[in-house]
There are 2 protein chains.
Amino acid sequence: MPDFAIGVDLGGTNLRIAAVDANGKVMEKITTSTEVSRGRDQVIFEMCNTIQEVLVKFRGSGHIAGIGIGIPGIIDMQTGMLHESPNLPGWQDYPVKQEIERRLGTTVVLENDANSAALGEKWIGAGESVDDLCMITLGTGVGGGIVTGGEIWHGMTGMAGEMGHVTVEPDGVPCGCGGRGCVEQYASATAIKRMAVEAIAKGSAPELARAMREEPELSAKVVYQMALQGDEPAQKIFRTVGRALGIVIGSAVNIFNLPMYVIGGGVASAWDSFAPSMLEEVRVRSFVYRATMPHESVPGVQGTNVHDDVLPTRRSTIITRALLGSDAGLIGAARLPMTSGERAASDLRL
Amino acid sequence: MPDFAIGVDLGGTNLRIAAVDANGKVMEKITTSTEVSRGRDQVIFEMCNTIQEVLVKFRGSGHIAGIGIGIPGIIDMQTGMLHESPNLPGWQDYPVKQEIERRLGTTVVLENDANSAALGEKWIGAGESVDDLCMITLGTGVGGGIVTGGEIWHGMTGMAGEMGHVTVEPDGVPCGCGGRGCVEQYASATAIKRMAVEAIAKGSAPELARAMREEPELSAKVVYQMALQGDEPAQKIFRTVGRALGIVIGSAVNIFNLPMYVIGGGVASAWDSFAPSMLEEVRVRSFVYRATMPHESVPGVQGTNVHDDVLPTRRSTIITRALLGSDAGLIGAARLPMTSGERAASDLRL
């Protein structure tokens, strides 16, 4: 019977809990809505109950490596406190880790959700073949995670990897973080929607305006569909997304010289609409990228970037889509106790 | 008798060679001019001769850890070739490491000069008390180096740490790297001079114009002196330097969450003129910085950033000046064989 771990992806909307085996296979997945409005104690109570249920179900199914939990927000790894979490209002300065451990009677590994997703992609996703990668997650906001030597790079206090708050326009759109012109303001689903509304207000996007009359809660998905149908104002928005991402990735390549940069999150589904401008921007801005572009032309072999006739070499910089979709964070969370020093196997009370 | 190593700092203008003991003490330092115009073979011939002289002199003075050489430009660590080196014209795609080793009859450790400087500052400079730091070197260009766990972070091919080519103005001044608006275009000595000439041309800097009439080769140093004397246009230039650095460091703090960011190189002498705008920019743009600002107020204790009444804690983000001046690269180069797997002690032919 295989060893397994419990992975938890606690989002602002959904709470997902899975039993994942040592090969990354999801043995069971439970999805419920996160009832944030009922308060943090209630959310944690229900989460811990579901974790217990899954543990009981798989009791005897193998060695339990532990419990990993990905949550949105900035976690102070030394204290287990949430510093900031726009998606979990009222959780700031709440001893999340301690509370969960008290209720479960065992230690857990707490991690930022974008870091968990990066670890998941490294484990069994896009980054399976590399040791180091930087992942940028495009959702409501823009998150990020850096994996080096197969492990999450935490920095001094666990706050590393905040790729969403790299400046791309110094005098640009004010950001919730206090800065201006962060990539989050140009490449998140929220930003896509905002740019569409701005274009409509300027009167320069008649088709988008029509779509908004039909569906006032204009979504990034609708803007993408318009772009696919050839609507120029919608396509322009995704070129802006690509440019902002290209600026960040170009700088990141010059700074890190990592073998792989992975784009994940819901907005990554619109890859075709933003990847060309993104890759062109990286090419122009990063001589390190140009010096490490995939160059071996092997007909018939599909590369992982847009150059389909190119086989990435061991020394190539790969910029690619995530492979695990919305499961990346969940799978990465389950991976946490398998790699962490904080394994909780021995003291799990089932 | 102490162990020692040979450090070499091969610049476009000066060639400096030192014997450095295991505590970082410079036992002997030889400075000559780099006669770039006589060709790379001649430069390497003279460098190797001087290295041999120093080795012979210190023969019997202790165990020789090896020879480390810092050179300007992008080095492919796997091949020992120079990819780009504006300061060493004609050295591109030249097997530098191999040539030096052939002449010396021993292995050497080759490293980018800004990486060497970062290692030097980590060893016995500003970063002595931390394991991880990011250094930005402000000279003719802007270089950088990242040290993690006490060692240089090389990335996939040894090109990591190119902090000078992080974008700060996406549509800004074209950069020699092919990009636009790199921090090098706003915070290098070359950029300071260019901004002064631009201000003069606009007629908005009468005092700088006067200085330039006296000394047509207006230097960054003269601009700094004017700023010190209260000249507003000169002060504005250094605020631009500070802003550009603050944008880069703010992003770097959000990405890395390192304990220390060190500013070195000749322009760092003008710290007082750019540090206030730099630190303010970092504070605004980085919530990670705000969450890790030095906060313990201990009267009489000098902090290492501008908040002189603040004692940095173990969890503080320190942004500070380099301490080793122009010796950082030389000392760091000597440190290379002491920490590298490529030590050459056993096969040194004296």
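Residues numbered from 1 in each chain as written. Chains lettered and ligands numbered in written order. Predicted model: local features only at pLDDT ≥ 70, side-chain atom pairs only at ≥ 80, totals over all residues.

Draft legend 1. Region of the structure containing helix α9 (residues 271-285) of chain A. All names here are of chain A. Across its 15 residues, α9 extends 20 Å between first and last C-alpha, which sits within 8% of the 21 Å expected from 1.5 Å per residue. Along α9, the residues that are buried comprise S273, F274, A275, S277, M278, L279, E281, V282 and R285. Structurally, α9 contributes buried residues whose contacts are with α7 (220-228), α8 (232-256), α10 (287-291) and β14 (318-321). (Helix = DSSP H or I, 4+ residues; strand = E, 2+ residues; numbered from the N terminus. Expected span 1.5 Å × (residues − 1). Buried ≥ 20, exposed ≤ 12 C-beta atoms within 10 Å, placed from the backbone. Contact = placed C-beta atoms within 7 Å.)

Draft legend 2. Quick look at the packing of helix α6 (residues 206-214) of chain B against helix α7 (residues 220-228) of chain B. Residues and elements named next belong to chain B. As a packed pair, α6 and α7 sit with axes 11 Å apart at the nearest point and diverge in direction by 140°. Considering their axes alone, α6 and α7 lie oblique with respect to each other. In the packing of α6 onto α7, the handedness of the crossing is right-handed. Taking contact as the criterion, the partners of E207, L208 and A211 in α6 are, on α7, V222, V223 and M226. For the contact of α6 with α7, the class distribution of residues is five nonpolar, no polar and one charged. (Axes fitted to C-alpha atoms, helices over the stretch in contact; angles between N-to-C directions. Parallel < 35°, antiparallel > 145°, perpendicular 65-115°, else oblique. Left-handed = near helix turned anticlockwise from the far one by under 90°. Nonpolar A, V, L, I, M, F, W, Y, C, P; charged D, E, K, R; others polar.)

Draft legend 3. A look at the pairing of strand β8 (residues 133-138) of chain A. All names here are of chain A. Of all six residues in β8, six are buried, a share of seventy percent or more. Residues L133, M135 and T137 point to one face of β8 and C134, I136 and L138 to the other, with burial holding for every one of them. In terms of strand pairing, β8 meets strand β9 (residues 142-148) through six bridges, oriented antiparallel. Residue pairing across strands places M135 opposite G145, the latter belonging to β9. (Pairing = 2+ DSSP bridges.)

Draft legend 4. Spatial organisation of the nonpolar core. Counting 228 residues, the largest nonpolar core has V223 of chain A together with V223 and L245 of chain B as its most contacted members. Sequence-distant contacts of V223 of chain B, that is, excluding residues within four places in its chain, are made with I192, A196, L208, L218, A234 and I237 of chain B. (Core = buried A, V, L, I, M, F, W, Y, C linked by C-beta atoms within 7 Å.)

Draft legend 5. Examining the interface of chain A and chain B more closely. Tallying the contact residues gives 35 residues for chain A and 35 residues for chain B. Counting only elements with at least two residues in the side of chain A that touches chain B, the list comes to β6 (81-84), α8, α9 and α10 of chain A. Counting residues per element, the side of chain A that touches chain B draws most heavily on α8 of chain A, which supplies six residues. Of the residues belonging to the side of chain A that touches chain B, the class tally is 17 nonpolar, 13 polar and five charged.

Draft legend 6. Region of interest: the relation of the copies chain A and chain B. When chain A is fitted to chain B, the best match, at an RMSD of 0.0 Å, comes from turning it 180° and sliding it 0.0 Å along the axis. When the rotation and shift are considered jointly, the pair of chain copies conforms to a two-fold rotation axis. When the interface residues of chain A are mapped onto chain B, 100% of them again lie at the interface, so the same face is used by both copies. (Least-squares fit on C-alpha atoms with pLDDT ≥ 70 in both.)

Draft legend 7. Geometry of the environment of A322 of chain A. All names here are of chain A. Turning to its location among the elements, A322 is positioned in the loop between β14 and α11 (328-339). For the pair A322 and K122, spaced 200 residues apart in sequence, the C-alpha to C-alpha distance is 9.7 Å. Once residues within four sequence positions are removed from consideration, A322 is found in contact with E121, G125, A126, M135, V262, I263, G264, A268 and A328.

Draft legend 8. Local environment of the domain arrangement of chain A. Residues and elements named next belong to chain A. When the domains of chain A are assigned, the result is domain 1 (4-119 + 327-347) and domain 2 (130-323). Each of domain 1 and domain 2 has a C-alpha centre, and the two are 27 Å apart. Counting residues at the interface gives 15 residues for domain 1, matched by 18 residues for domain 2. For the side of domain 1 that touches domain 2, the secondary-structure elements that each account for two or more residues are β5 (74-76), α3 (113-124) and α11. Looking at the side of domain 1 that touches domain 2 residue by residue, the class counts come to nine nonpolar, three polar and three charged. (Domains from an automatic or database assignment.)

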